[in-house]
Amino acid sequence: MCTSLTTCEWKKVFYEKMEVAKPADSWELIIDPNLKPNELAPGWKQYLEQHASGRFHCTWCWHTWQSANVVILYHMYLDRAQRAGSVRMRVFKQLCYECGTARLDESSMLEENIENLVDNLITSLREQCYDEDGGQYRIHVASRPDSGPHCSEFCEACQEGIVHWKPSEKLLEEEATFSGASKSRAQEGSGYNFFSLRWCLFWASLCLLIVYLQFSFRRSTFL
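Small disclaimer: the values here were computed from a predicted structure and weren't measured. (Residues numbered from 1 in each chain as written. Predicted model: local features only at pLDDT ≥ 70, side-chain atom pairs only at ≥ 80, totals over all residues. Heavy atoms only, no water.)

*Asks:* Explain the packing of aromatic side chains to me, and be specific about the residues and the numbers.
*Replies:* Here the structure, examined in full by the defined rule, presents 8 aromatic pairs. Consider the rings of W27 and Y130, whose centres lie 6.4 Å apart with planes at 50 degrees: the pair is tilted. Here the residue W27 occupies a position in strand 1 (residues 26-31), and Y130 occupies one in the loop between helix 2 (111-129) and helix 3 (156-159), the gap between them amounting to 103 residues. A relative accessible area of 8% places W27 in the buried class. Here the aromatic cluster, defined as three or more aromatic residues joined through ring pairs, consists of F56, W65, Y97 and F154. Above the plane of the ring of Y130 lies K22, whose end atom (NZ or CZ) is 4.2 Å from the centre. (Phe/Tyr/Trp six-rings, centres within 6.5 Å; stacked < 30°, edge-to-face > 60°. Helix = DSSP H or I, 4+ residues; strand = E, 2+ residues; numbered from the N terminus. Buried < 20%, exposed > 50% of the residue type's maximum accessible area, 1.4 Å probe, protein only. Lys NZ or Arg CZ within 6 Å of the ring centre and 35° of its normal.)

See below:
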C-alpha cells in the first residue's frame, strides 16, 4: 500500500528494475521511517545514499526549497534459499528554516532522480547481496555551485549523527574533473590564435585601409 505519490513511484521503479536485474528472485521494498544507521539484524547489509537531490515543501508556511544533501538509508537482506529479498528504506526529512516549525517535511523527487537512485541501490545489492561487480555508481548533484551551505540543525540525518554534508571522495573527484575542464576551456579561450576568423578579418581590414590611404595620397599628389 502506498502512503504518497512519491512512495508509489519508488516502489514502481524498484520493482520494474529488479524484475530486469534479478528476474528469478522476489524482492520487496518497505518504507521504514524508524530505520537506524548501523543497527543491523544478522545477515542484513546497509547502503547509505548521501547526496540525493530532492525538493521539500513546508506544510505549515508553504515554503519550498531544493536540497542536494538528501540522505537515504537502506537495509537489505537476501534469503538465498527462498530466493527472496527485502529492502527497508528511509528518506531523511528536513525542517523548514523559514517558519522554524518543529514539523519535519518529506522530500519529493523527480522520476528521473528516483530511477538513478534505484540504479545505485541495485548496484549495492549486486555487490553486497550477490557478491557481484555492481558497476559504477551514479553521482547526484542538484546544481553547480551548490545552492548554499548545509544547515545541520534543520537536517534529520545530521541530528541522528550521520555526517554526510561533506562531499564524498567520488563527488570531489567529479568536481575536480568538472573544474579542470572549465579551466582548460577558459585558458584555451583566452589564448591568441592569429589564424582565427576574427584575426583574418582584422588583417584584411587593415590591408584595405593601407591600400586606401596609399591611393588617396597618390591622388592628392597628382592633383
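*Asks:* Give a detailed account of a nonpolar patch on the surface, specifying residues and quantitative values.
*Replies:* A cluster of nonpolar side chains, F202, W203, L206, L209, I210, Y212 and L213, forms an exposed patch at the surface whose accessible area comes to about 690 Å². For W203, the position within the fold is in helix 5 (residues 197-222). Judged by its relative accessible area of 41%, W203 falls in the partly exposed class. (Patch = residues over 30% accessible without salt bridge, like charges linked within 9 Å, V, L, I, M, F, W, Y side chains within 5 Å. Areas by Shrake-Rupley, 256 points an atom, 1.4 Å probe, with all protein chains shown as cover. Salt bridge = Lys/Arg side-chain N within 4 Å of Asp/Glu carboxyl O.)

*Asks:* Could you give an account of the sheet that holds strand 3 (residues 64-79), naming the residues involved and the relevant values?
*Replies:* Taken together, the 5 strands give an open sheet; going across it, the order is 1-4-3-2-7, and neighbouring strands pair in mixed fashion. In this open sheet, the two edge strands, each paired with only one partner strand, are strand 1 and strand 7 (107-108). Of the strands in this sheet, strand 1, strand 2 (45-57), strand 3 and strand 4 (84-91) touch helix 2, which is tilted by about 175 degrees from strand 2. (Pairing = 2+ DSSP bridges. Contact = heavy atoms within 4.5 Å. Axes fitted to C-alpha atoms, helices over the stretch in contact; angles between N-to-C directions.)

*Asks:* Run through helix 2, naming residues and quoting values.
*Replies:* For helix 2, which comprises 19 residues, the first-to-last C-alpha distance of 26 Å matches the rise-based estimate of 27 Å (1.5 Å per residue) to within 8%. When helix 2 is considered as a whole, its buried residues turn out to be N113, I114, N116, L117, V118, N120, L121, I122, T123, S124, L125 and C129. At the exit of helix 2 stands D131, carrying a positive phi of roughly 55 degrees. (Expected span 1.5 Å × (residues − 1).)

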